[in-house]
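# Summary of structural features
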Amino acid sequence: MAGNYIKHSLITHSSTDVSSDASMTAETNESHLLIIEDDQGRKEFTLENPVYSIGRDRECNIRLVSQFVSRRHATLVRLPREQNSHSYYYRIVDGDAKGKLSSNGLMINGRKMPSHDLRNEDEIIFGPQVRAIYYLLRNTQRSGNTDASEYDITLINPGMTEDIEEL
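Before going into details, it helps to say that this report is about the structure given with it. (Residues numbered from 1 in each chain as written. Predicted model: local features only at pLDDT ≥ 70, side-chain atom pairs only at ≥ 80, totals over all residues. Heavy atoms only, no water.)

## A short note on the pattern of salt bridges
In plain terms, the rule: A carboxyl oxygen of Asp or Glu within 4 Å of a side-chain nitrogen of Lys or Arg is what we treat as a salt bridge. Here a strand is any run of E in DSSP of at least two residues, a helix any run of H or I of at least four, and the numbering for each starts at the N terminus. Burial classes: relative accessible area under 20% of the type maximum marks a residue as buried, over 50% as exposed, and values in between as partly exposed (1.4 Å probe, protein chains only).
With the rule as written, the count across this model stands at 7 salt bridges. Notably, a salt bridge pairs aspartate 117 with arginine 91, separated by 2.5 Å at the nearest N-O pair. With aspartate 117 in strand 9 (residues 115–117) and arginine 91 in strand 6 (residues 88–94), the pair connects residues that are 26 residues apart, well separated along the chain. Residue arginine 91 is classed as buried on the basis of its relative accessible area, which comes to 3%. A network of salt bridges, in which partner residues are shared, links Glu30, Arg81 and Arg138.

## Notes on the side chain of serine 66
Stated formally: By the criterion applied in these results, polar contacts are pairs of N or O atoms within 3.5 Å in which, for protein atoms, one can donate a hydrogen and the other can accept it, and in which residues neighboring in sequence qualify only through two side-chain atoms. Contact between two residues is taken to exist if any of their heavy atoms lie within 4.5 Å; hydrogens are not considered.
Relative to the assigned elements, serine 66 resides in the loop between strand 4 (62–63) and strand 5 (74–80). A polar atom in the side chain of serine 66 sits 3.1 Å from the backbone nitrogen of phenylalanine 68. The contact partners of serine 66, leaving out residues within four places of it in the chain, are Asp39, Arg56, Pro128 and Val130.

## Observations concerning the packing of aromatic side chains
To be explicit about the condition: Here the aromatic set is Phe, Tyr and Trp, taking the six-membered ring for Trp, and pairing holds for ring centres within 6.5 Å; pairs whose planes are under 30 degrees apart are stacked, those over 60 apart are edge-to-face, and all others are tilted. Cation placement over rings: the criterion is NZ of Lys or CZ of Arg within 6 Å of the ring centroid and within 35° of the ring normal.
A full pass over the atoms with the stated rule returns 2 aromatic pairs. A ring pair is formed by tyrosine 52 and tyrosine 90, whose centres lie 6.3 Å apart and whose planes are at 55°; its orientation type is tilted. With a gap of 38 residues between them, tyrosine 52 in strand 3 (residues 51–55) and tyrosine 90 in strand 6 connect regions that are remote in the sequence. Their ring planes at 80° and their centres at 5.8 Å tell us that tyrosine 88 and tyrosine 90 sit as a pair that is edge-to-face. Since its relative accessible area comes to 22%, tyrosine 88 is described here as partly exposed. The side chain of arginine 78 reaches across the aromatic face of tyrosine 88, ending 4.8 Å from its centre.

## A closer look at the nonpolar core
Basically, it comes down to this: We call a set of buried residues a nonpolar core when its members are Ala, Val, Leu, Ile, Met, Phe, Trp, Tyr or Cys and they connect through side-chain atoms within 4.5 Å of each other.
The biggest cluster of nonpolar side chains holds 22 residues, and the ones touching the most others in it are Leu34, Ile54, Leu76, Ile92, Ile124 and Phe126. Secondary structure elements with two or more residues in this core: strand 1 (28–38), strand 3, strand 5, strand 6, strand 7 (106–108), strand 10 (122–127) and strand 11 (130–140). A total of 4 residues in this core trace back to one element, the largest contributor, which is strand 11. Dropping the residues within four chain positions of it, isoleucine 54 is found in contact with Leu34, Cys60, Ile62, Leu64, Arg72, His73, Ala74, Leu76, Ile92 and Phe126.

## Considerations on the pairing of strand 3
Applicable threshold: Pairing between strands requires that DSSP locate at least two bridges from one strand to the other.
Counting buried positions over the 5 residues of strand 3 gives 4, a clear majority of the element. Examined bridge by bridge, strand 3 and strand 5 share 4 bridges and lie antiparallel to one another. Each bridged residue has a counterpart across the sheet, and for valine 51 the counterpart in strand 5 is valine 77. Bridge count for strand 3 against strand 4 is 2 bridges, and the pairing is parallel. Along strand 4, the bridge assignment pairs isoleucine 54 with isoleucine 62.

## Notes on the environment of glutamine 67
As for its placement among the helices and strands, glutamine 67 is situated in the loop between strand 4 and strand 5. A C-alpha to C-alpha distance of 9.1 Å links glutamine 67 and aspartate 39, two positions 28 residues apart in sequence. Apart from the residues within four sequence positions on either side, glutamine 67 is in contact with Asp39 and Arg56.

## Let's talk about the sheet that holds strand 6
Within the open sheet, the 5 strands sit side by side as 4-3-5-6-9. Their pairing is mixed. The two strands at the open ends of the sheet, each matched to only one other strand, are strand 4 and strand 9.

Written out as structure tokens, the structure reads:
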């Protein structure tokens, strides 16, 4: 029964979580970053693959070092945004891709949840002193039209500083 829920969570698109993100143009570049803190310290992962396994097992794509974390604690799945075919988001789901749940579950932004569509600065707690923060970094490329005031640089003549020192 839990396996069916997980499969449903992996496939079903949630419009409520996605709708809060501004629609993006094809000119926008996105980077998805997951920062993990566990018993070994801090690690950064740039997310690019369609699926990631997260857990204590050595075979996991993102390995967590803690006795309080399940071997296959969670799964990250990349899904396309409905508004833009060039853009996507990640959904985190408790347990492995086959539907086996973790022992302690996931706390996302302070709430226990079986799955969640990740948004910028979401905090995921896997266990005591094991957490992750997800960042969605957007770099918008600008068109050729730029405002000249953006490049306004005031230069100081070395002779000007002598007047200040005399006062």
